[in-house]
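One letter stands for each residue in the lines below.
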Amino acid sequence: MKIIICKNYEEVSREAFKLVKEVLQKDRPILGLATGSSPVGLYKKMIADHHRNGTSYQSVITFNLDEYIGLPQKHEQSYYSFMHENLFDGIDIKEENTHIPFGENKEGIEEECLRYEEELKQYEIDVQILGIGSDGHIAFNEPGTPFDSLTHVVKLEGQTRKDNARFFDDNIHLVPTHAITQGLESIMRAKKIVLIATGENKADAVYAMIRGEINIDCPASILRKHEDVTILLDEAAAKRLEINETNE
Ligand code: GLP
């Protein structure tokens, strides 16, 4: 696990962009994408690079991690909308090459889990971008999720709904109660993983991921079993680690 501590969010985003840009040199890059505020700086850099340097996404394929259940696909807080607003509309990616679990209908959601996992399995993700929840979740794999989980339906924990209420007029009751998410095993199949965490409210989760026991109480701790993971932190998120820059 490589841990890089940066001065600030801008530097974290720059480091993440460098890693993504390497993968974009391939003929048919396959990107694993995340939502949340953590990757937004990276996505801005991808859009700027597309405009400035003509980097094309015509042959790029993407798979997202998760989606809320029960929100219309085009609801302003769906992850479908998030990805279009923050990345897809700013680059020349083909809509048919982007994949996001379809969570609009509660009926048939178990079939959607199987369908998504099957589709995902046909590809090998070159780089998977991740954020981390303040309770150590990755994608929507909450504490207690088995390490061998595949795409599944999850009930969102109170802390996660509280954290995400900021996107729903600060009203926790508007935050969906369930989501569809890639499982931990699905995520671990990626060739390379880049996790972004910034801000003091991530410091405990970051500490548990890197220094705690590897177990289901901190889903992100599974990443220590992967052979190519880079953790990009700002100083606030790294504050409990007491290291500068290290290769573990
Ligand atoms: C949500 C997403 C995760 C994300 C996490 C942290 O729960 N499902 O994929 O990593 O929030 O979000 P943020 O980056 O906004 O702190």
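See the structure above.
Owing to the predicted nature of the structure, the values given are computational and were not obtained by experimental measurement. Within any chain, residue numbers begin from 1 and follow the written order of that chain's sequence. Local features in this predicted model are restricted to residues of pLDDT 70 or higher, and side-chain atom pairs are both shown and tallied only at a pLDDT of 80 or more, whereas totals for entire chains, interfaces and linings draw on every residue. Side-chain descriptors were evaluated using all non-hydrogen atoms of the structure, hydrogens and water having been removed beforehand.

Engineer: I'd like a description of the overall build of the protein chain, backed by residues and values.
Structural biologist: For the protein chain, the helix and strand inventory stands at seven helices and 11 strands. Computation of the radius of gyration draws on C-alpha atoms alone. For the globule rule, the value is 2.2 Å times the number of residues to the power 0.38. Taken over the C-alpha trace, the protein chain has a radius of gyration of 17 Å; the compact-globule value for 248 residues is 18 Å, and the two agree within 12%. Projected onto its principal axes, the C-alpha coordinates of the protein chain cover approximately 50 × 45 × 35 Å. Looking at the 248 residues of the protein chain, the share that counts as buried comes to 56%. Residue contacts are counted whenever heavy atoms from the two residues lie within 4.5 Å of one another. Long-range pairs, those at least 24 residues apart, make up 79% of the contacts in the protein chain with a sequence separation of at least 6. In this description a helix means any DSSP run of H or I spanning at least four residues, a strand means any run of E spanning at least two, and both kinds are numbered starting from the N terminus. Residue exposure (1.4 Å probe, protein chains only): buried if accessible area is under 20% of the type maximum, exposed if over 50%, otherwise partly exposed.

Engineer: Before we move on, can you summarise the nonpolar core with the specific residues and values?
Structural biologist: Here, the term nonpolar core denotes a set of buried Ala, Val, Leu, Ile, Met, Phe, Trp, Tyr and Cys residues that are joined through side-chain atoms within 4.5 Å. Grouped together as the largest cluster of nonpolar side chains are 67 residues, with contacts concentrated most on M209, L223 and L233. The biggest single contributor to this core is helix 1 (residues 9–24), with seven residues. Listed in part, the 10 residues of the second largest apolar core include Y68, F140, A165 and A179.

Engineer: Can you explain the site of the ligand? Please cite residues and give values.
Structural biologist: Residues in close proximity to the ligand total 13 residues, the closest being S37, S38, D66, H137 and K202. Two N or O atoms count as a polar contact when they lie within 3.5 Å, although within protein this holds only if one can serve as hydrogen donor and the other as acceptor, and sequence-adjacent residues are included solely when both atoms are side-chain atoms. Within the side chain of S38, one N or O atom sits 2.5 Å away from an oxygen atom of the ligand. Only the protein chains shown count as cover for residues, and all accessible areas are computed by the Shrake-Rupley method using a 1.4 Å probe. In isolation the ligand offers 390 Å² of accessible surface; the protein chains occlude 95% of this area. Of the residues in the shell around the ligand, the class split is four nonpolar, six polar and three charged. Here, proximity means that at least one heavy atom of the residue falls within 4 Å of the molecule or strand. Polar here means any residue other than Ala, Val, Leu, Ile, Met, Phe, Trp, Tyr, Cys and Pro, which are nonpolar, and Asp, Glu, Lys and Arg, which are charged; Gly is therefore polar.

Engineer: Report on the sheet that holds strand 4 (residues 66–68), specifying residues and quantitative values.
Structural biologist: Between any two strands, pairing holds if DSSP finds at least two bridges. Spatial ordering of the open sheet is given by 4-8-7, a layout of three strands whose pairing is antiparallel. Single-partner strands in this sheet number two, and they are strand 4 and strand 7 (152–155). With strand direction ignored, the average angle separating the axes of adjacent strands in the sheet is 25°. Bridge count for strand 7 against strand 8 (residues 178–181) is four bridges, and the pairing is antiparallel. What sits directly across from H152, in strand 8, is T181. Between N-to-C directions, angles span 0 to 180 degrees; the directions come from axes that are lines fitted to C-alpha atoms, helices contributing only their stretch in contact. Contacts from helix 4 (residues 109–121) reach strand 7 and strand 8, with the element oriented near 125° to strand 7.

Engineer: Break down the pairing of strand 1 (residues 2–6) for me, with residues and values.
Structural biologist: Along strand 1, four of the five residues are buried, which leaves the element largely enclosed by surrounding structure. Summarising the sheet, strand 1 and strand 10 (residues 229–234) pair through five bridges and their orientation is parallel. When the bridges of strand 10 are listed, I3 appears paired with I231.

Engineer: Summarise a negative patch on the surface; cite the residues concerned and give the values.
Structural biologist: A patch consists of residues exposed above 30% relative accessible area that lack any salt bridge, with like charges linked at up to 9 Å and nonpolar side chains (Val, Leu, Ile, Met, Phe, Trp, Tyr) linked at up to 5 Å. Think of a salt bridge as a Lys or Arg side-chain nitrogen and an Asp or Glu carboxyl oxygen that are within 4 Å of each other. Asp and Glu count as negative and Lys and Arg as positive, but His and the ends of the chain are not part of the count. Where a charge sits is defined by one atom per residue type, namely NZ (Lys), CZ (Arg), CG (Asp) or CD (Glu). Together, E76, E85, D89, E95, E96, D169 and D170 make up a region of like negative charge exposed at the surface. Following the sequence through the fold, D89 ends up in the loop between helix 3 (79–86) and strand 5 (98–99). Assessed through its relative accessible area of 59%, D89 is described here as exposed.

Engineer: Please set out unusual backbone geometry residue by residue, giving values where relevant.
Structural biologist: Even without a glycine there, the phi angle at D169 is positive, about 50°. Along the polypeptide, D169 turns up in the loop between helix 5 (158–164) and strand 8. A relative accessible area of 70% places D169 in the exposed class. Although it is not a glycine, D170 sits at a positive phi angle of roughly 55°. Residue position: D170 is located in the loop between helix 5 and strand 8. The class of D170 is exposed, set by a relative accessible area of 65%.

Engineer: Any details on the pattern of salt bridges? Residues and values, ideally.
Structural biologist: Enumeration according to the criterion identifies 14 salt bridges in this entry. Across the pair E124 and K191 runs a salt bridge whose closest N-O atoms are separated by 4.0 Å. Of the two residues, E124 sits in the loop between helix 4 and strand 6 (127–130) while K191 sits in the loop between helix 6 (184–188) and strand 9 (193–197), which places them 67 residues apart along the sequence. Under the relative-accessibility criterion, K191 is labelled partly exposed at 37%. With a closest N to O distance of 2.6 Å, K239 and E200 form a salt bridge. Here K239 is found in the loop between strand 10 and strand 11 (245–247), whereas its partner E200 is found in the loop between strand 9 and helix 7 (203–211), with 39 residues between them in sequence. Overall, the relative accessible area of 49% leaves K239 in the partly exposed class.

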